[in-house]
Amino acid sequence: MSNSPVITIDGPSGSGKGTIAFRLSKTLGWPILDSGAIYRVLGFAAHRSNLTPDQTEEITELARNLPLEFKTDDASNEVIAYLNDEPVGDLIRTDEAGQRASQVASIPEVREALLQKQRDFNRAPGLIADGRDMGTIVFPEAEAKVFLTASAETRASRRYNQLKQKGIDANLAAILESIKARDERDRTRTVAPLVPAGGAFVVDSSSLSADEVFSQVLDYVTEKLQESS
Ligand code: DC
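Rules used in this analysis
Residues numbered from 1 in each chain as written. Predicted model: local features only at pLDDT ≥ 70, side-chain atom pairs only at ≥ 80, totals over all residues. Heavy atoms only, no water. Helix = DSSP H or I, 4+ residues; strand = E, 2+ residues; numbered from the N terminus. Expected span 1.5 Å × (residues − 1). Buried < 20%, exposed > 50% of the residue type's maximum accessible area, 1.4 Å probe, protein only. Arc of directions from axis to C-beta. Salt bridge = Lys/Arg side-chain N within 4 Å of Asp/Glu carboxyl O. Contact = heavy atoms within 4.5 Å. Phe/Tyr/Trp six-rings, centres within 6.5 Å; stacked < 30°, edge-to-face > 60°. Near = heavy atom within 4 Å. Polar contact = N/O pair within 3.5 Å; in protein donor to acceptor, adjacent residues only side chain to side chain. Areas by Shrake-Rupley, 256 points an atom, 1.4 Å probe, with all protein chains shown as cover. Core = buried A, V, L, I, M, F, W, Y, C linked by side-chain atoms within 4.5 Å. Pairing = 2+ DSSP bridges.

K.L.:
In this structure, what is going on with helix 9 (residues 210-228)? I would like to understand it.
P.N.:
Count 3.6 residues to each turn of an α-helix, and residues three or four apart come out pointing the same way. A rise of 1.5 Å per residue sets the reference length of helix 9, with its 19 residues, at 27 Å; its end C-alpha atoms lie 27 Å apart and thus fit the reference within 8%. Listed in full, the buried residues belonging to helix 9 are Val213, Phe214, Val217, Tyr220, Val221 and Leu225. The arc that holds every buried residue of helix 9, seen down its axis, measures 135°, which confines them to one face. Opposite the buried face of helix 9, by more than 90 degrees, sit the exposed residues Asp211, Asp219, Gln226 and Glu227.

Here's what the structure looks like:
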């Protein structure tokens, strides 16, 4: 593994990891590994190949040879996922794609197949790794480990408001149910379940603003990076 520093940010969907990772990335000038996007692209590719979640051998084979690339759009500075040179950024962001990602992510051989791919993102000057098992499995030696959480109700209402703002029709009860189903699968799977890494800085953002969460995380990260330098 490279010796470049790593900051891991783990937590359930809707806990605000993406926002915090993005702000840390801007502050430190380090890239982000969005590991959830890798599972989302795999779930999408499996669905496109007409594979069902129980076809674990075929899905593992797909994971081993996944023609996935991340490219930064120069104009928007956004990182976009490409599958076989096709931009799939929006296609992997739907709720359905999230459920499919969670299903393929519960296959142990798939996680094994994607391990090195994720570690290869660790280069100078440093990496911000966003996911579920970044601090526990993928980067256990990370300099700083953050675990963000929030109640399922808070996360559902954030998602509901996001969709409303985009003019998309949404149903709060259905969103809450979907979040709970995904949480349950991610937390109870046998391999790399969603749990805070030992010694992680845990922040419950249920009653905090994004600014308050970021300020706490930045203080913690700054201290940890100073300690390790
Ligand atoms: O962070 P996200 O919502 O984009 O992740 C989608 C799914 O992928 C999530 O429900 C579980 C899985 N995932 C995982 O198992 N391990 C990761 N490190 C990241 C995501």
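K.L.:
Just checking my understanding: could you explain unusual backbone geometry for this structure?
P.N.:
Most peptide bonds adopt trans geometry, and most residues besides glycine take a negative phi value. Put simply, Ala124 and Pro125 share a cis peptide bond, and its omega is 5°. Phi is positive for Asn84, close to 55°, though the residue is something other than glycine. Within the element layout of this structure, Asn84 appears in the loop between strand 4 (79-83) and strand 5 (86-87).

K.L.:
Help me out: how do you make sense of the pattern of salt bridges in this one?
P.N.:
Applying the stated criterion across every chain, the model contains 13 salt bridges. Residues Glu86 and Arg48 are paired through a salt bridge, measuring 2.7 Å at the closest nitrogen-oxygen approach. Linking Glu86 in strand 5 with Arg48 in helix 2 (residues 35-48), this pair joins segments that are 38 residues apart in sequence. When its relative accessible area of 28% is taken as the criterion, Glu86 is described as partly exposed. Judged by its relative accessible area of 45%, Arg48 falls in the partly exposed class. Of the charged contacts in the structure, one is a salt bridge between Arg155 and Asp183, with a shortest N-O distance of 2.5 Å. Here the residue Arg155 occupies a position in helix 7 (residues 152-165), and Asp183 occupies one in helix 8 (residues 172-188), the gap between them amounting to 28 residues. For the pair Arg155 and Asp183, a shared accessibility class is recorded, and that class is buried. Look at the salt bridges and you will find they share partners, linking Arg132, Asp186 and Arg189 into a network.

K.L.:
What exactly am I supposed to notice about the side chain of Thr60 here?
P.N.:
Its place among the elements puts Thr60 in helix 3 (residues 56-64). Once residues lying within four places of it in the same chain are set aside, the contact partners of Thr60 are Ile107, Glu109 and Val110.

K.L.:
It is not clear to me how the packing of aromatic side chains should be interpreted in this structure. Could you clarify?
P.N.:
The geometry of an aromatic ring pair is captured by the separation of the ring centres together with the interplanar angle, meaning the angle of the planes. Evaluated as defined, the whole model comprises two aromatic pairs. Arranged with centres 4.7 Å apart and planes meeting at 10°, the rings of Phe201 and Tyr220 form a pair that is stacked. In this pair, Phe201 is assigned in strand 8 (residues 201-204) and Tyr220 in helix 9, connecting sequence segments 19 residues apart. In this structure Tyr220 comes out as buried when scored by relative accessible area, which is 12%.

K.L.:
How should I be thinking about the site of the ligand in this particular structure?
P.N.:
Arg40, Arg111, Arg132, Arg182 and Arg189 are the nearest of the 16 residues found near the ligand. One nitrogen or oxygen atom from the side chain of Arg132 is found 2.8 Å from an oxygen atom belonging to the ligand. Within the side chain of Arg182, a nitrogen or oxygen atom sits 2.8 Å from an oxygen atom of the ligand. Burial of the ligand by the surrounding chains reaches 96%, relative to a free accessible area of 450 Å².

K.L.:
Would you take a moment to explain the nonpolar core for this structure?
P.N.:
Generally speaking, nonpolar side chains in soluble globular proteins are found buried as a group. Counting residues in hydrophobic clusters, the biggest one holds 32 residues, and the most contacted among them are Val41, Leu42, Ile59, Val110 and Phe139. Those elements that provide at least two residues to this core are helix 2, helix 3, strand 4, helix 4 (95-105), helix 5 (108-119), strand 6 (127-131) and helix 6 (134-138). Per-element tally for this core: the top contributor is helix 2, with eight residues. Excluding its chain neighbours within four sequence positions, the residues that come into contact with Val41 are Leu66, Leu68, Ala81, Leu83, Val88 and Ile92. Counting 17 residues, the second-largest nonpolar core is a separate cluster that includes Leu24, Trp30, Leu148 and Tyr220.

K.L.:
Looking at this structure, how should I read the sheet that holds strand 4?
P.N.:
Two modes of strand pairing occur in sheets, parallel and antiparallel, and in both the strands are linked by backbone hydrogen bonds. Ordered in space as 3-4-5, the three strands form an open sheet in which the pairing is antiparallel. In this open sheet, the two edge strands, each paired with only one partner strand, are strand 3 (68-72) and strand 5. Of the strand pairs in this sheet, strand 4 and strand 5 are connected by two bridges, and their pairing is antiparallel. Looking across to strand 5, one finds that Leu83 is bridged to Glu86.

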